Amino acid sequence: MRGKRSKQYKKLMSQYGLVFGFREPYQVLVDAQMVQDAERFTMDLFGGLERVLHGKIKPMITQCSSIRHLYTLSSMPQPQKDALILRAKNMERRRCNHHQLEQPLSTLECLASVIDPKGSKTNKNRYVVASQNEEVRRHCRAIRGIPLVYVKRSVMVMEPMAEASLSAREGFEKGKFRAGIRGNHQGVGMKRKREDGSGDDEIENDKTQGDKESDTTAELNGAQKKRKKTRGPKGPNPLSVKKSRKIEEKPPASSKDGAQMTLAVKDPESDSVAVDDVPDIIEHSTNESQAVSAERKRKRKRKHKTKVLEGLKASLRENADDEDLV
């Protein structure tokens, strides 16, 4: 079965379930011709019906329209006839009360008496009809809520919803729509019927009650609006913000007569701290820093190349004079 056709059948069965109350396992009425064609095309009858209906099935067969018709087959060899009868006996028997007749009724008469015995054009027991007889399918289309299945060229097909079923579905949907409207607006905007002898006082009372109700609803709406919190701009993530450190303020150092400063110096011989005058220490430290900076700034004096060459020439001349003397 192709995917598109399978989706259509599934949707169709869901509509039958919503509108007409079909539930699994589906009761499927099968006639004798359907059993013969399934055997001729070597089809799995029960598996094909489950695939088409998208659910579990309960195959059913009547006594006179199917079993007795199979027994009366004369053009078929006996082994094939026995196989058909055995397959039909595996289905559930549906009583039609026609087994006492000498001659079996036709398939149309038997299935019509089972599906709609009172002629009310309703499928009370929610049967699915699997029949190869065109007259049976034509009769079932006039009854509301009957899914029809047949075999065409070794392919099992389900007919679309008939006009009677479609009209019933539309009426069902309209009823749901009206019930929803009545349920949502029950008691709202409905005027009370005025009894005989009632005057204008009752009308005025109704108006005042309506005004009070409108005022109360307006107040409730205003209170709900006030309850809503106004959200401002979002701040930074507190976990990603660097924590601020507290700076400890030290008291300013005390000075004597506004000129001299004191410094705490630790005595190496004792754990006590001696306090000396600062000016001598500052002068000594400044002298040392100036001497260090002067040494760094002092550059190495380089000898000029001209003086070096003159010295070499003078030494060469002296050596030449010594050789001449010798």
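This report concerns the structure included in the present document.

## Regarding the pairing of strand β6 (residues 155–158)
Part 1 of the reasoning: In this sheet, β6 lies alongside strand β5 (residues 148–152) in antiparallel orientation, the contact comprising 4 bridges. The partner of Tyr 150 across the bridge, within β6, is Val 157.
Part 2 of the reasoning: Between β5 and β6, which follow one another and run antiparallel, lie 2 residues, and Arg 153 among them has a positive phi close to 55 degrees.

## Quick notes on the packing of aromatic side chains
Part 1 of the reasoning: By the definition in use, this model includes 2 aromatic pairs.
Part 2 of the reasoning: A ring pair is formed by Tyr 16 and Phe 20, whose centres lie 5.9 Å apart and whose planes are at 40 degrees; its orientation type is tilted. Taken together, the positions of Tyr 16 and Phe 20, both in helix α1 (residues 3–20) and 4 residues apart, correspond to about one turn of that helix. Per residue, the accessibility class of Tyr 16 equals that of Phe 20, and both read buried.
Part 3 of the reasoning: Judged by centre distance (5.7 Å) and plane angle (70 degrees), the rings of Tyr 16 and Phe 22 are edge-to-face.
Part 4 of the reasoning: Following the ring pairs from residue to residue traces out a cluster consisting of Tyr 16, Phe 20 and Phe 22.
Part 5 of the reasoning: Over the aromatic face of Phe 41 sits the side chain of Arg 40, whose NZ or CZ is 4.5 Å from the ring centroid.
Part 6 of the reasoning: Its end group placed over the ring of Tyr 150, Arg 137 keeps NZ or CZ at 4.2 Å from the ring centre.

## Topic: the sheet that holds strand β2 (residues 57–62)
Part 1 of the reasoning: On the basis of which strands lie adjacent, the open sheet formed by 6 strands has the order β3-β2-β1-β4-β5-β6 and mixed pairing. With one partner strand each, in any of the chains shown, β3 (92–94) and β6 form the two edges of the open sheet. Within this sheet the neighbouring strands show an average axis-to-axis angle of 35 degrees, counted without direction.
Part 2 of the reasoning: The pairing of strand β4 (residues 127–130) with β5 spans 2 bridges and is parallel. Bridge pairing in β5 links Ala 130 to Val 149.

## Some words on the environment of Gln 63
Part 1 of the reasoning: Along the chain, Gln 63 turns up in helix α4 (residues 63–71).
Part 2 of the reasoning: A relative accessible area of 25% means that Gln 63 is categorised as partly exposed.
Part 3 of the reasoning: Through-space distance from the C-alpha of Gln 63 to that of Cys 96 is 6.9 Å; in sequence the pair is 33 residues apart.

Conventions used here
Residues numbered from 1 in each chain as written. Predicted model: local features only at pLDDT ≥ 70, side-chain atom pairs only at ≥ 80, totals over all residues. Heavy atoms only, no water. Pairing = 2+ DSSP bridges. Helix = DSSP H or I, 4+ residues; strand = E, 2+ residues; numbered from the N terminus. Phe/Tyr/Trp six-rings, centres within 6.5 Å; stacked < 30°, edge-to-face > 60°. Buried < 20%, exposed > 50% of the residue type's maximum accessible area, 1.4 Å probe, protein only. Lys NZ or Arg CZ within 6 Å of the ring centre and 35° of its normal. Axes fitted to C-alpha atoms, helices over the stretch in contact; angles between N-to-C directions.

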